[in-house]
Amino acid sequence: MFLAVSGLTKQYQIGIATTVLKGVSIQLAKGHIGVILGPSGSGKSTLMNIIGGVDRADSGTVEIDGERITDLSQDQLVEYRRKSVGFVFQFYNLVPNLTVAENIEVVSNISKQPHKMNDVLSAVGLFDKKNRFPRELSGGEQQRVSIARAIIKNPTLLLCDEPTGALDFDTSRGVLSLLQNVNRDFGTTILMITHNSAIAAMAHTVYRLRSGEVAEVTHHSELVPAE
Ligand code: ADP
Ligand code: ADP
């Protein structure tokens, strides 16, 4: 399996120990979209952070495309994050004094096989705005820039943590539709966190987390279009 998470556990020690992940296992096929659903505090971000090499598990394994992430040294983990993972967050983290194209270009340089700037700009519908600054864009457009920045390096895996969390319903639909297009056109494997179950219908696989455990896995043979 392209992404295989097996028996992941994680505890945080803040006064008393809190077990955040209690043996989480998930699998996602190459080129698929997976959604992690679940209430606040159920462990979604912790799981994604471990898959993205930002945090470490106490036990269990993560394998992506045959590479065992959980065995990497600290230096190897930095390399893995930079080259193999694209991150999209609720807030866009764009550099305010760089244009759209410059915000995206910063990242393309770290990859051996980046996508072409113009292909990515067209894919996210921002070709005409490549010389604008972030403050001149709507929230939805800024999120499109952050998606372009995440995919230009041709990541093995695109991780999105509540990508529509700061957007209204219609703008959210646009961003989700865009992620589906990215998935289709670039073949990018996408894993996305949300607590919105309407979003889950547009994924191939939905993992429902509850108190640090996978309570339910649902597979869809066909994606429901966001628009
Ligand atoms: P979700 O993304 O589903 O809201 P999280 O993975 O963010 O859940 O958090 C799960 C639990 O782990 C929460 O109770 C949270 O307070 C705790 N937690 C998350 N990160 C840390 C941390 N760095 N230190 C201590 N506790 C944490
Ligand atoms: P959305 O519905 O996506 O939030 P907005 O209503 O905020 O969109 O913006 C609509 C259009 O106005 C967008 O194309 C955006 O580029 C443009 N726009 C928004 N704010 C500014 C600004 N401060 N300067 C120039 N153009 C702007």
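Here's what I pulled together on the structure shown here. Fair warning: this is a prediction, and the values are worked out from it, not measured in the lab. (Residues numbered from 1 in each chain as written. Chains lettered and ligands numbered in written order. Predicted model: local features only at pLDDT ≥ 70, side-chain atom pairs only at ≥ 80, totals over all residues. Heavy atoms only, no water.)

### As for the sheet that holds strand E10 (residues 213-219)
The condition is simple: Here, any two strands with at least 2 DSSP bridges between them count as paired. Labels follow the DSSP assignment, with helices taken as runs of H or I lasting at least four residues and strands as runs of E lasting at least two, numbered in each case from the N terminus. Geometry is summarised by axes, namely lines fitted to C-alpha atoms with helices restricted to the contacting stretch, and by angles between N-to-C directions that run from 0 to 180 degrees.
Taken together, six strands build an open sheet; the order of strands is E6-E7-E8-E3-E9-E10 and the sheet is mixed. The two strands at the open ends of the sheet, each matched to only one other strand, are strand E6 (85-88) and E10. Strand-to-strand twist across the sheet, computed as the mean angle between neighbouring axes with direction ignored, equals 20 degrees. Two elements, strand E3 (residues 33-37) and strand E8 (residues 190-194), share five bridges in a ladder whose sense is parallel.

### Observations concerning the site of ligand 1
Convention followed: Near, as used in this document, describes a residue that has one of its heavy atoms within 4 Å of the molecule or strand being considered. The definition of a polar contact used here is a pair of N or O atoms within 3.5 Å, where within protein one atom must be able to donate a hydrogen and the other to accept one, and adjacent residues in sequence count solely through side-chain atom pairs. Each accessible area is a Shrake-Rupley result for a 1.4 Å probe, and residues are judged covered by the shown protein chains and nothing else. Nonpolar residues are Ala, Val, Leu, Ile, Met, Phe, Trp, Tyr, Cys and Pro. Charged residues are Asp, Glu, Lys and Arg, and all others, Gly as well, are polar.
Around ligand 1 sit Tyr12, Ile14, Val20, Pro39, Ser40, Gly41, Ser42, Gly43, Lys44, Ser45 and Thr46, and that is every residue in its neighbourhood. Between ligand 1 and Lys44, the relevant distance is 2.9 Å, taken from an oxygen atom to a side-chain nitrogen or oxygen of the residue. In the model, an oxygen atom of ligand 1 is placed 2.6 Å from a nitrogen or oxygen of the Thr46 side chain. Contact with the protein chains covers 60% of the free accessible surface of ligand 1, which is 560 Å². For the shell around ligand 1, the elements supplying multiple residues, two or more each, are strand E1 (3-14) and helix H1 (44-51). The element contributing the most residues to the shell around ligand 1 is H1, with three residues. Residues belonging to the shell around ligand 1 are distributed by class as follows: four nonpolar, six polar and one charged.

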